[in-house]
Number of protein chains: 2
Amino acid sequence: MNDYSKIFTDFLLRKEMKFTNSRKIILDTVFSLHDHFDIETLYETIKTKHNNVSRATIYRAIPLLIEAGLLKKSLRSLSKDKYEHIFGHPSHLHLICDKCGKIIEEVDKDVENLLNKIAIKYDFKIKEVNVSLRGFCSDCVKVGSSNV
Amino acid sequence: MNDYSKIFTDFLLRKEMKFTNSRKIILDTVFSLHDHFDIETLYETIKTKHNNVSRATIYRAIPLLIEAGLLKKSLRSLSKDKYEHIFGHPSHLHLICDKCGKIIEEVDKDVENLLNKIAIKYDFKIKEVNVSLRGFCSDCVKVGSSNV
DNA sequence: TTTACTAATGAGAATCATTTGCAACAAGAA
DNA sequence: TTCTTGTTGCAAATGATTCTCATTAGTAAA
């Protein structure tokens with residue numbers, strides 16, 4: 001059993017929940033997707049592999065994966081929440097191009113440290129950090145961004 | 001005419017759009033709300049003052065206010081976008097309590113500078129910055145956050 | 001000021017992601 | 001096997017946001 005399966009089964013055990021086949025399929029598929037994905041993509045990917053898991057079950061599994069520390073709601077684009085799995089991924093911030101949709105990831109320990117300090121100042125327990133810069137990427141800014 | 005009305009009328013003029021009564025009411029109400037607000041709150045606030053502006057008109061005005069640089073979509077909580085007007089407000093980050101919904105604001109120039117540097121590194125033109133820490137505030141962390 | 005043109009509005013229907021209710025199901029305990 | 005309880009799939013419900021379209025209201029010209 002791989003690392004993330006172990007984390008998830010332990011988590012479920014603690015919650016007295018079952019590591020069902022549907023949950024296994026969802027977990028494996030989540031970790032097979034290496035980009036930010038939305039629920040519909042996850043659903044379609046599962047369906048393509050001849051598995052059958054309903055959307056409802058997926059929607060119900062997502063909060064579990066998040067609570068288990070395996071998944072993160074990373075950003076929202078085009079009215080959809082996008083997720084990404086966490087697997088030794090360092091936390092990172094996103095530069096999101098509003099024109100072409102490109103997403104650039106950047107790891108910056110300094111930002112991270114500063115944010116942690118702020119949390120400590122307020123006695124705030126961080127569960128999730130989201131940093132995103134929206135605007136135009138180098139390609140799109142050339143084209144002209146005056147009246148989007 | 002106050003500052004924000006001037007900015008908005010200039011903006012509308014440039015776009016060859018009209019400074020109608022509905023838009024005036026929306027603008028004034030947006031600037032009367034000094035917290036983060038969602039569309040429903042804005043709608044109810046307008047209705048309470050015996051004005052009548054439909055939800056559709058509000059939804060149509062919001063992107064204009066944003067484009068005019070007067071309003072910012074600042075965060076998303078409980079599946080609703082929350083907005084805040086910009087009126088000499090320095091940019092700031094949010095600490096959002098997932099338990100009680102409290103929102104703490106913090107201004108931090110160091111974070112801001114670091115993010116600007118990252119944008120420069122990628123030749124990225126920032127239109128909007130969003131930094132939010134989600135978790136539990138000092139009050140809620142005491143109560144126990146193990147199984148939310 | 002009246003006319004005429006067009007953008008803007010209001011009301012409700014439509015959309016679309018997400019959630020929920022419920023009957024059928026499955027896995028483990030007794 | 002039978003009982004218990006959590007899980008699932010389906011379809012209906014929800015809720016924020018967008019769209020349609022008939023009507024209204026600014027505004028420029030007459």
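Our subject is the structure listed above.
Residues numbered from 1 in each chain as written. Chains lettered and ligands numbered in written order. Predicted model: local features only at pLDDT ≥ 70, side-chain atom pairs only at ≥ 80, totals over all residues. Heavy atoms only, no water.

Now for the overall build of chain A. Counting its secondary structure elements, chain A contains six helices and five strands. Mapped in sequence order, the helices and strands of chain A form the string α-α-α-α-β-β-β-β-α-β-α. With 148 residues in all, chain A has 43% of them scored as buried. Within chain A, counting contacts between residues at least 6 apart in sequence, those at least 24 apart form 49% of the total. Here chain A has roughly 8300 Å² of accessible surface; of this, 52% comes from carbon and sulfur atoms. For chain A, the distance from the average site of its 24 positive side-chain charges to the average site of its 20 negative ones is 5 Å. (Helix = DSSP H or I, 4+ residues; strand = E, 2+ residues; numbered from the N terminus. Buried < 20%, exposed > 50% of the residue type's maximum accessible area, 1.4 Å probe, protein only. Contact = heavy atoms within 4.5 Å. Areas by Shrake-Rupley, 256 points an atom, 1.4 Å probe, with all protein chains shown as cover. Lys, Arg positive; Asp, Glu negative; His and termini not counted. Charge placed at Lys NZ, Arg CZ, Asp CG, Glu CD.)

Looking now at the protein's contact with DNA strand D. The full set close to DNA strand D counts 19 residues, and Thr20, Arg23, Thr57 and Arg60 of chain A together with Tyr59 of chain B are the nearest of them. Contacts to DNA strand D include Arg60 of chain A, whose side-chain N or O atom sits 2.8 Å from a base nitrogen. If you list the elements that add at least two residues to the surface near DNA strand D, you get helix H2 (21-32) and helix H4 (55-67) of chain A together with helix H4 (55-67) and strand S2 (80-85) of chain B. In terms of residue class, the surface near DNA strand D is made up of six nonpolar, six polar and seven charged. (Near = heavy atom within 4 Å. Polar contact = N/O pair within 3.5 Å; in protein donor to acceptor, adjacent residues only side chain to side chain. Nonpolar A, V, L, I, M, F, W, Y, C, P; charged D, E, K, R; others polar.)

In this section: the pattern of salt bridges. Close approach of charged atoms lets side chains of opposite charge pair. Applying the stated criterion across every chain, the model contains 20 salt bridges over all chains. Lys121 of chain A is the salt-bridge partner of Glu106 of chain B, the closest N and O atoms lying 2.7 Å from each other. Here Glu106 of chain B, found in strand S4 (residues 103-106), pairs with Lys121 of chain A, found in helix H5 (residues 109-121), and the two come from separate chains. Glu106 of chain B sits in the buried class, given a relative accessible area of 9%. (Salt bridge = Lys/Arg side-chain N within 4 Å of Asp/Glu carboxyl O.)

So, about the protein's contact with DNA strand C. Around DNA strand C, the surrounding shell holds 18 residues, and the nearest of these are Tyr59 of chain A together with Thr20, Arg23, Thr57 and Arg60 of chain B. The sugar-phosphate share of atoms of DNA strand C within 4 Å of the protein amounts to 69%. One nitrogen or oxygen atom from the side chain of Arg23 of chain B is found 3.0 Å from a phosphate oxygen belonging to DNA strand C. One nitrogen or oxygen atom from the main chain of Asn52 of chain B is found 3.1 Å from a phosphate oxygen belonging to DNA strand C. Going through the elements one at a time, H4 and strand S2 (80-85) of chain A together with helix H2 (21-32) and H4 of chain B are the ones with two or more residues in the surface near DNA strand C. Of the residues belonging to the surface near DNA strand C, the class tally is six nonpolar, six polar and six charged.

All right, on to unusual backbone geometry then. Of all residues except glycine, most have a negative phi; of all peptide bonds, most are trans. Despite not being glycine, Asp123 of chain A has its phi angle at roughly 60°, a positive value. Among the structural elements, Asp123 of chain A can be located in the loop between H5 and strand S5 (125-136).

So, on to the sheet that holds S4 of chain B. Strands pair in a sheet through their backbones, by hydrogen bonds, and they do so in one of two ways: parallel or antiparallel. The six strands lie next to each other as S4(A)-S3(A)-S5(A)-S5(B)-S3(B)-S4(B), forming an open sheet whose pairing is mixed. In this open sheet, the two edge strands, each paired with only one partner strand, are strand S4 (103-106) of chain A together with S4 of chain B. Averaged over all pairs of adjacent strands, the angle between strand axes in this sheet comes to 20°, irrespective of strand direction. Pairing analysis gives 11 bridges linking S5 of chain A to strand S5 (residues 125-136) of chain B, with the strands arranged antiparallel. Bridge pairing links Glu128 of chain A to Arg134 of chain B in S5 of chain B. In the packing of H5 of chain A onto the sheet, contacts are made with strand S3 (93-97) and S5 of chain A together with strand S3 (93-97), S4 and S5 of chain B, and the angle to S5 of chain A comes to roughly 135°. (Pairing = 2+ DSSP bridges. Axes fitted to C-alpha atoms, helices over the stretch in contact; angles between N-to-C directions.)

Residues and elements named next belong to chain B. Spanning 13 residues, H4 covers 19 Å between terminal C-alpha atoms, matching the ideal 18 Å at 1.5 Å per step. When H4 is considered as a whole, its buried residues turn out to be Ile58, Ala61, Ile62, Leu64 and Leu65. Residues of H4 that are buried sit in contact with helix H1 (3-14), H2, helix H3 (39-48), strand S1 (71-77) and S2. Backbone geometry just after H4 places Gly69 at a positive phi near 80°. (Expected span 1.5 Å × (residues − 1).)

Attention now goes to the relation of the copies chain B and chain A. Note on the identical chains: chain B maps onto chain A by a rotation of 179° and an axial translation of 0.1 Å, with an RMSD of 0.3 Å. Considering both components of the superposition, the chain copies are consistent with a two-fold axis. The position closest to the rotation axis in chain B is occupied by the C-alpha of Val131 of chain B, lying 2.2 Å away. Most of the interface of chain B is mirrored in chain A, where 92% of its interface residues again form contacts. (Least-squares fit on C-alpha atoms with pLDDT ≥ 70 in both.)

So, on to the packing of aromatic side chains. Two descriptors summarise a pair of aromatic rings, namely the distance from one centre to the other and the angle between the planes of the rings. One pass over the structure, following the stated rule, counts eight aromatic pairs over all chains. Seen in terms of ring centroids, Tyr4 of chain A and Phe31 of chain A are 4.0 Å apart; in terms of plane orientation they differ by 5°. Their pairing is stacked. Here Tyr4 of chain A, found in helix H1 (residues 3-14), pairs with Phe31 of chain A, found in helix H2; they are 27 residues apart in sequence, far enough to count as distant. The same class applies to Tyr4 of chain A as to Phe31 of chain A, namely buried. Between the aromatic rings of Phe8 of chain A and Phe19 of chain A, the centroid separation amounts to 6.0 Å while the plane-to-plane angle is 85°, which identifies the pairing as edge-to-face. Here Phe19 of chain A lies in the loop between H1 and H2 and Phe8 of chain A lies in helix H1, a separation of 11 residues in the sequence. Classification of Phe19 of chain A as partly exposed rests on a relative accessible area of 29%. Ring pairing ties together the aromatic residues Phe8, Phe11 and Phe19 of chain A, which thus form one cluster. If you follow Arg55 of chain B out to its NZ or CZ, it ends over the ring of Tyr43 of chain B, 4.0 Å from the centre. (Phe/Tyr/Trp six-rings, centres within 6.5 Å; stacked < 30°, edge-to-face > 60°. Lys NZ or Arg CZ within 6 Å of the ring centre and 35° of its normal.)

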